[in-house]
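Given next are the chains, with one letter for each unit.
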Amino acid sequence: MSQEKVDRYKKEKANRKQSLAKKKQQKLLKTIGGIAASVALIIAIVFSAKLLRGDFEGETEKETSSYSEEYLSQIRELFNTENSTTGGETETTTAANQ
C-alpha cells in the first residue's frame, strides 16, 4: 500500500508543473469569461434603457411650409383690415372681461 502511495506521489510530482499551468490557464479563462459576460450584461441593460427612453428613434422631419411673399402680404392685409373695421370693440370687451 505504501509503495502505491509513493508511486502516485512521484507521478503527481512529475506532472505538477503541467497541472499547475493548466489550472492557472483555466482560472484565467474563467476570469476573462466572467468579465466578458458582465460587460455584455451592462451593455444590454444600457441599450434597453435607451430603447425605453426613445433615444434610438429617428429624428422626425418637421413639417415646414413655405409661402410666397404675395400670399403672406395678402394675409397681413386681411388681418389689418379686420382689426381696423372692429375698431375699439376688442379693447372694450377685454376691459369688460377683466
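The model shown is predicted, which means the values in this text are computed figures rather than measured ones. (Residues numbered from 1 in each chain as written. Predicted model: local features only at pLDDT ≥ 70, side-chain atom pairs only at ≥ 80, totals over all residues. Heavy atoms only, no water.)

**Student:** It is not clear to me how the overall build of the protein chain should be interpreted in this structure. Could you clarify?
**Tutor:** On a plain count of helices and strands, the protein chain comes out with four helices and zero strands. The N-to-C order of helical and strand elements in the protein chain reads α-α-α-α. Surface summary for the protein chain: the accessible area is close to 9900 Å², and the carbon and sulfur share equals 57%. (Helix = DSSP H or I, 4+ residues; strand = E, 2+ residues; numbered from the N terminus. Areas by Shrake-Rupley, 256 points an atom, 1.4 Å probe, with all protein chains shown as cover.)

**Student:** When you look at the pattern of salt bridges in this model, what are you seeing that I'm missing?
**Tutor:** Pairing between side chains becomes possible if they bear opposite charge and their charged atoms approach one another. Considering all chains together, one arrives at two salt bridges under this definition. Put simply, Asp55 and Lys50 hold a salt bridge, and the shortest N to O gap is 3.9 Å. Accessibility expressed as a relative area gives 37% for Asp55, which makes it partly exposed. With its nearest N and O atoms 2.5 Å apart, the salt bridge here joins Asp55 to Arg53. For Arg53, a relative accessible area of 62% translates into the label exposed. Counted as one network, the salt bridges with shared partners bring together Lys50, Arg53 and Asp55. (Salt bridge = Lys/Arg side-chain N within 4 Å of Asp/Glu carboxyl O. Buried < 20%, exposed > 50% of the residue type's maximum accessible area, 1.4 Å probe, protein only.)

**Student:** Can you help me understand a nonpolar patch on the surface in this one?
**Tutor:** Taken together, the side chains of Ile35, Val39 and Ile43 present a nonpolar region at the surface, about 280 Å² in accessible area. Tracing the chain through its elements places Val39 in helix H2 (residues 16-53). Exposure remark for Val39: the relative accessible area of 44% places this residue in the partly exposed category. (Patch = residues over 30% accessible without salt bridge, like charges linked within 9 Å, V, L, I, M, F, W, Y side chains within 5 Å.)

**Student:** Quick question: what am I supposed to make of helix H1 (residues 2-14) here?
**Tutor:** It helps to recall that an α-helix has 3.6 residues per turn; residues three or four apart then point in one direction. Its 13 residues place the ends of H1 18 Å apart at the C-alpha level, agreeing with the 18 Å of an ideal helix rising 1.5 Å per residue. Of all 13 residues in H1, zero are buried; the element is thus mostly exposed. (Expected span 1.5 Å × (residues − 1).)

**Student:** Please explain the confidence of the model for the protein chain as it appears in this structure.
**Tutor:** Any region with low pLDDT has predicted coordinates that should not be read closely. Per-residue pLDDT for the protein chain averages 82, and the proportion of residues at 70 or more is 79%. Per-element confidence in the protein chain is highest for H2, whose mean pLDDT is 94, and lowest for helix H4 (residues 89-97), whose mean pLDDT is 48. (pLDDT = per-residue confidence, 0-100.)

**Student:** What exactly am I supposed to notice about the environment of Asp55 here?
**Tutor:** Assignment of secondary structure puts Asp55 in the loop between H2 and helix H3 (69-86). Polar contacts involving the side chain of Asp55 include one to the side chain of Arg53, which spans 2.5 Å. (Polar contact = N/O pair within 3.5 Å; in protein donor to acceptor, adjacent residues only side chain to side chain.)

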